[in-house]
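Architecture and fold: a report
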Amino acid sequence: MKFPYGLSNFATLIADGYFYQDRTDRIPQLEEAGRQLIFIRPRRFGKSLLLSMLEHYYDLNRADDFESLFGGLSIGRQPTALRNRYFVMKWDFSLIQSQGTLREIESALHRHLNDCIEEFALRYAARLPHPIEIRDDNALSSWRSALMAVSQTPHKLYLLIDEYDNFANEVLMGGQSPERYDALLYGEGLLKTVFKAVKAAAGGMGLDRVFITGVSPVVLSDMTSGYNVGKSIDREPEFNDLCGFSETEVSAVLTRLSGDGAAWSASEALDTMRTFYNGYRFSDLADTSVYNPTLSLYFLDHLRRRGRYPQQMLDENLAMDRNKLVYIAQLPHGEAVLIQALSGDDALAIAQLAQRFGVADVLAAAKDERFMVSLLYYFGILTWAGRTGFNEEVFKIPNLVARALYVERLRERWLPDPADQTSVQRIGREVCQTGDLAPLCDFIEQRYFSVISNRDYRWTNELLVKFAFLTLLFNDRLYMTVSELETARGYVDLALILRPDMRRFQALDLLLEFKYLGLKELGLTGEQVRAHSRADLSVLPAVAAKLDEAEAQARRYGATLRASYGVSDLHAFAVVALGVERIVWRAL
């Protein structure tokens, strides 16, 4: 079994025997959904392969290849009437230069469209009644020439546009001047004019269908007057898994791979993939979540070739996602939104997901929670999680890979000094290898409490101490580090369970339950608390009661974790923070 990691050409996948999760059964639904469709998904989520599949299905030049390409797939057994009926043209806006002067960017856009039209003219030369005239300085004139040629044939045109929002993403990530974007899209800007030309072509000039993909709906608002005929289908339940894998599909692949005497367990591999890669829901009516397809293929390809899991569960090709969290974190109150998401209590509830907003909204100074949550959702770093009793939409972090990005971003903001980062690595290693919390608690008391307790938002008391431990101990290279892990008996505050493939290394499975005791409850001042040893503080009645409470919870949750993960030697701790001054703990 070969996995098409990094490949997005449908014909190559089929001809060379690569794994392909059949999505051709959705073709009839796509045809019924509309003639001009817009499909939004996070980057590296399989959109380009979807377009390639559609291109090969509808291309009239590939009619002789239909059986070899689709004969073994769902649509091959019951094709629609539109199979191989269209001229197909594809534009890929990710290939267009988005830096430089406005004139340079416009020239790059003209060149790309002209290149696509010229390639189209060469492929269909035998079917067109006359040559298409390419105007080097005016791609829209070339476009009209292509439409004129198509209109004089019995066939119509299907236009595929990939990454339509590439320019907006460059602006969003700080890579381009917003003034240049305004000039491209507002007024009579070239990009807006291009979409106006697409809209006009669908009004009887030979263009019959359009399928557009992108990462976010940022441009949709800006180009509404130029292209207001597109129908967004990304939140329709029947297309929830149009890109992405279901757990049943992932399980079936793992079972096939493990059938050749593999040294790894298919069930353990599924548990690991579920923790790191599953959890995406794009429709409030969908009843199942999907796995990130690129990350899943990265894992499966490594498993097939090496016979073991990849060392890093996050494919570094997705490292650019970190920039999106950097953008959110630097917005007013953006850091608080990241903390809300990471707190694990599904606290991110907004009235309604923002379906369309412009770059002007992105660049404006005022950002509310709805705006930030919506962006994180489209970036694929939050996912739909349900509704509140007040009919608000709830969002959460989908999986451990996304959670790692949050932790990394907050830790970098809170500990920008490289010396602190080095200390954290050393201390974390000591805790995970020896179970000794003293160095970690010393660091939190002396360095970390003063940093995170003064942030520009209000903490709940136990959340403060939990985040201190979470951000310092998080290590997805060795662990499935989970905050608010649900068990049959409640929610674990923080569990660090070794990945199945990492049990050969010297590291411990850890469980921590946190409590908080204010200084007023304790009846001591901060100075008095600092003057006492941890041993003396631990036997104070109020502190001992909190330790007992945390211990009882840890013992209950520990039993569930041992059974769920097959952990034989779980190191559990009851931890109590005394204000933001001291930390005491009890090893169970």
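You'll find the structure just up there.
A brief structural summary. (Residues numbered from 1 in each chain as written. Predicted model: local features only at pLDDT ≥ 70, side-chain atom pairs only at ≥ 80, totals over all residues. Heavy atoms only, no water.)

**Topic: the sheet that holds strand β2 (residues 86-92)**
Taking strand neighbours across the sheet as the criterion, the five strands line up as β2-β3-β4-β1-β5 in an open arrangement whose pairing is parallel. The two strands at the open ends of the sheet, each matched to only one other strand, are β2 and β5 (231-232). (Pairing = 2+ DSSP bridges. Helix = DSSP H or I, 4+ residues; strand = E, 2+ residues; numbered from the N terminus.)

**Observations concerning the packing of aromatic side chains**
Under the criterion given, the structure shown has 30 aromatic pairs. Ring centres of F66 and F70 lie 5.4 Å apart, and the angle between their planes is 25°; this geometry places the pair in the stacked category. Taken together, the positions of F66 and F70, both in helix α4 (residues 66-70) and four residues apart, correspond to about one turn of that helix. With respect to burial, F66 and F70 carry one shared label: buried. Both rings, one in F120 and one in Y124, keep their centres 4.8 Å apart while their planes meet at 55°; by these two values the pair is tilted. (Phe/Tyr/Trp six-rings, centres within 6.5 Å; stacked < 30°, edge-to-face > 60°. Buried < 20%, exposed > 50% of the residue type's maximum accessible area, 1.4 Å probe, protein only.)

**Quick look at empty space enclosed by the protein**
A probe as big as a water molecule, rolled over the atoms, marks out the empty space that is left. Evaluated as defined, the whole model comprises four cavities of 30 Å³ or more. Approximately 50 Å³ is the volume attributed to the second largest cavity. Considering the residues around the second largest cavity, the lining is formed by I40, R41, P42, V215, D234, F282, Y377 and Y378. In terms of residue class, the lining of the second largest cavity is made up of six nonpolar, no polar and two charged. (1 Å grid on protein atoms, 1.4 Å probe; cavity = no way out; pocket = protein on both sides within 12 Å on 5 of 7 lines; lining within 4 Å. Points joined across faces, edges and corners; volume = space filled by probe spheres on them. Nonpolar A, V, L, I, M, F, W, Y, C, P; charged D, E, K, R; others polar.)

**Concerning the nonpolar core**
Within the largest apolar cluster, 193 residues are counted, with the highest numbers of intra-cluster contacts made by W91, W143, F211, Y277, Y406, F469 and L512. Leaving out residues up to four positions away in the same chain, F211 has contacts with L30, L37, F39, L50, L51, L54, Y158, L159, L160, I161 and I233. Core analysis: the next-biggest nonpolar cluster, separate from the first, contains 11 residues, L522, L537, L547 and V576 among them. (Core = buried A, V, L, I, M, F, W, Y, C linked by side-chain atoms within 4.5 Å. Contact = heavy atoms within 4.5 Å.)

**Details of the packing of helix α16 (residues 334-342) against helix α19 (residues 400-414)**
Close contact between α16 and α19 brings their axes to 10 Å; oriented N to C, the two are set at 135°. The orientation of α16 with respect to α19, classified from their angle, is oblique. Relative to α19, the crossing made by α16 is left-handed. Residues E335, L338, I339, A341 and L342 of α16 lie in contact with α19, whose contacting residues are R403, Y406, V407, R409, L410, R413 and W414. Of the residues belonging to the contact of α16 with α19, the class tally is eight nonpolar, no polar and four charged. (Axes fitted to C-alpha atoms, helices over the stretch in contact; angles between N-to-C directions. Parallel < 35°, antiparallel > 145°, perpendicular 65-115°, else oblique. Left-handed = near helix turned anticlockwise from the far one by under 90°.)

**Section: the packing of helix α6 (residues 102-123) against helix α10 (residues 190-201)**
It is at 10 Å that the axes of α6 and α10 come closest, and there the two elements cross at 30°. Viewed along their axes, α6 and α10 adopt a mutual orientation that is roughly parallel. Residues E106, L109, H110 and L113 of α6 lie in contact with α10, whose contacting residues are L190, L191 and V194. For the contact of α6 with α10, a count of residues per class yields five nonpolar, one polar and one charged.

**Regarding the sheet that holds strand β8 (residues 393-396)**
Strand pairing in a sheet takes place through backbone hydrogen bonds and is either antiparallel or parallel in direction. Pairing is antiparallel in the open sheet, where three strands are placed in the order β6-β8-β7. Both edges of this open sheet fall to β6 (348-350) and β7 (383-387), since each of them pairs with a single strand only. Between one strand axis and the next, the sheet turns by 35° as a mean value, whatever way the strands run. As paired strands, β6 and β8 are joined by three bridges and run antiparallel to one another. Residue L348 lies in a different strand from β8, and its bridge partner there is F395. Running at roughly 115° to β6, helix α18 (residues 369-379) makes contact with β6, β7 and β8 of the sheet.

**Looking at the pairing of strand β13 (residues 582-587)**
Note that strand β12 (residues 570-578) and β13 share six bridges and pair antiparallel. Of the residues in β13, the one forming a bridge with F573 is A587. Taking the residues between adjacent antiparallel strands as the criterion, β12 and β13 are bridged by three residues, where G579 takes a positive phi near 60°.

**Notes on the environment of P500**
With respect to the helices, strands and loops of the structure, P500 is situated in the loop between β10 (490-498) and β11 (509-517). The exposure class of P500 is partly exposed, given its relative accessible area of 26%. Remark: the alpha-carbon pair of P500 and S267, spanning 233 residues in sequence, is separated by 11 Å. Beyond its immediate chain neighbours, meaning those up to four positions away, P500 contacts E268, T272, Y309 and M480.

**Some details on the side chain of R499**
Structurally, R499 is set in the loop between β10 and β11. Reaching out from R499, the side chain makes a polar contact with the backbone oxygen of D476 at a distance of 3.1 Å. Non-local contacts of R499, meaning those with residues more than four positions away in its chain, are made with F276, Y309, P310, Q311, M313, D476, R477, L478, Y479 and M480. (Polar contact = N/O pair within 3.5 Å; in protein donor to acceptor, adjacent residues only side chain to side chain.)

**With respect to the state of the cysteines**
If you walk through the whole model with that rule in mind, you get zero disulfides. Of all cysteine sulfurs in the structure, the one in C441 sits closest to C432, which takes part in no disulfide; the separation is 13 Å. Take C441: its relative accessible area is 0%, and that puts it in the buried class. (Disulfide = S-S within 2.5 Å.)

**Considerations on unusual backbone geometry**
With phi around 50°, N84 is a residue other than glycine that occupies positive phi space. For N84, a relative accessible area of 8% puts it in the buried group. Here N391, not a glycine, exhibits a phi torsion of approximately 65°, which is positive. Along the chain, N391 turns up in the loop between β7 and β8.

**Section: the pairing of β2**
With six of seven residues buried, β2 lies mostly within the body of the structure. Where β2 lies against strand β3 (residues 156-162), seven bridges are found, and the strand directions are parallel. Bridged to W91 within β3 is I161.

**Here we look at helix α7 (residues 139-151)**
Three or four residues apart is the spacing at which side chains of an α-helix point the same way, because the helix has 3.6 residues per turn. In this model, α7 (13 residues) spans 18 Å end to end at C-alpha, consistent with the 18 Å of a helix rising 1.5 Å per residue. Most of α7 is tucked away, with 10 of its 13 residues classed as buried. Along its buried surface, α7 packs onto β2, α6, β3, α10 and β4 (207-214). (Expected span 1.5 Å × (residues − 1).)

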